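# Architecture and fold: a report
Given next are the chains, with one letter for each unit.
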Amino acid sequence: MATAVGKKFPNISVNAMNDMGDTFQINVLEEAVNNKKKVLLFWYPKDFTFVCPTELHAFQAALPEFEKRNTVVIGASVDSAEVHFAWLSTAKDNGGIEGVTYPLLADTNRNLSEALGILDSTEVYDEETQTISKEGDDVTYRATYLIDEEGTVFHEGVNHMPVGRNVNEFLRLIDAYAHVQSHGEVCPANWEEGKEAMQANAKGTAAYLAKN
């Protein structure tokens, strides 16, 4: 499976739902390019499940930090917009995501998730019956994409179903990429905002390693 990093995000519009119950379309590529913003798009397997609400609330809690970084947050799954709204209307202490304000993509036809190659699904051909069937749940893994203001993917990560994400790591990655964009330097291992970066040449590497 080819990575999306370094490529333009797929130019595909998808239905979405917000906390007000409005159904509309979002094109993630256009969201980045037209608004000159970075986009964090995170996929999760299913509404009304277990790890998923902890992640959605964690991204909501960090929303002001993403906004400070000129970054739009969008959640996504293959559930319908109606199921999204039902979950958005369910209280947190009842396993719901009431209070989440960023939009949720409803990729029910799987056009975008299929293009990204993040579905838990494998086609199997039966020679005897000459039919194709699918193995797997046909829902997405916990995939995350960071997209820059030009619509180019600068980070792609995929977790298996049981493993939740660390929201702070995405803030760090956005900070690092913004530093590269504004300073022309590269960011070494474990770099965080305020720490020393380095020039992208042999002398820069040597100077950094000599001090660290």
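Residues numbered from 1 in each chain as written. Predicted model: local features only at pLDDT ≥ 70, side-chain atom pairs only at ≥ 80, totals over all residues. Heavy atoms only, no water.

By the naming in an unreviewed UniProt entry, the chain goes by Thioredoxin peroxidase and is assigned to Wenyingzhuangia heitensis. Taken from UniProt, the Function (unreviewed entry) comment for the chain reads in full: "Thiol-specific peroxidase that catalyzes the reduction of hydrogen peroxide and organic hydroperoxides to water and alcohols, respectively. Plays a role in cell protection against oxidative stress by detoxifying peroxides." Per UniProt, the chain has the following entry under Sequence similarities (unreviewed entry): "Belongs to the peroxiredoxin family. AhpC/Prx1 subfamily." (UniProt positions renumbered as here; feature names shortened; annotations may be inferred.)

If you look at the biggest cluster of nonpolar residues, it comprises 26 residues, and the most contacted ones within it are Leu 40, Phe 42, Leu 56, Phe 59, Phe 66, Val 73 and Tyr 102. Elements represented by at least two residues in this core include exactly β3 (38–43), α2 (51–61), α3 (63–68), α4 (81–88), β5 (104–106) and α6 (167–183). Examining the composition of this core, we find that five residues originate from one element, α6, more than from any other. In contact with Val 73, not counting residues within four places along its chain, are Leu 40, Phe 42, Phe 59, Leu 63, Phe 66, Tyr 102 and Pro 103. (Core = buried A, V, L, I, M, F, W, Y, C linked by side-chain atoms within 4.5 Å. Buried < 20%, exposed > 50% of the residue type's maximum accessible area, 1.4 Å probe, protein only. Helix = DSSP H or I, 4+ residues; strand = E, 2+ residues; numbered from the N terminus. Contact = heavy atoms within 4.5 Å.)

The next thing to look at is unusual backbone geometry. Phi is positive for Lys 36, which is not a glycine, with a value near 55°. Relative to the elements of secondary structure, Lys 36 occurs in the loop between α1 (28–35) and β3. Look at Lys 36 and you get partly exposed, because its relative accessible area is 49%. Here the phi dihedral of Arg 110 falls at roughly 60°; this positive angle occurs in a residue that is not glycine.

Spatial ordering of the open sheet is given by β2-β1-β5-β4-β3-β8-β9, a layout of seven strands whose pairing is mixed. Both edges of this open sheet fall to β2 (23–27) and β9 (153–159), since each of them pairs with a single strand only. Adjacent strand axes in the sheet meet at a mean angle of 30°, parallel and antiparallel pairs treated alike. By the bridge criterion, two bridges tie strand β1 (residues 13–17) to β5 in an arrangement that is antiparallel. Within the sheet, the bridge partner assigned to Met 17 lies in β5 and is Leu 104. Across the sheet, α4 touches β1, β2, β4 (71–77) and β5, and the angle it forms with β5 is around 145°. (Pairing = 2+ DSSP bridges. Axes fitted to C-alpha atoms, helices over the stretch in contact; angles between N-to-C directions.)

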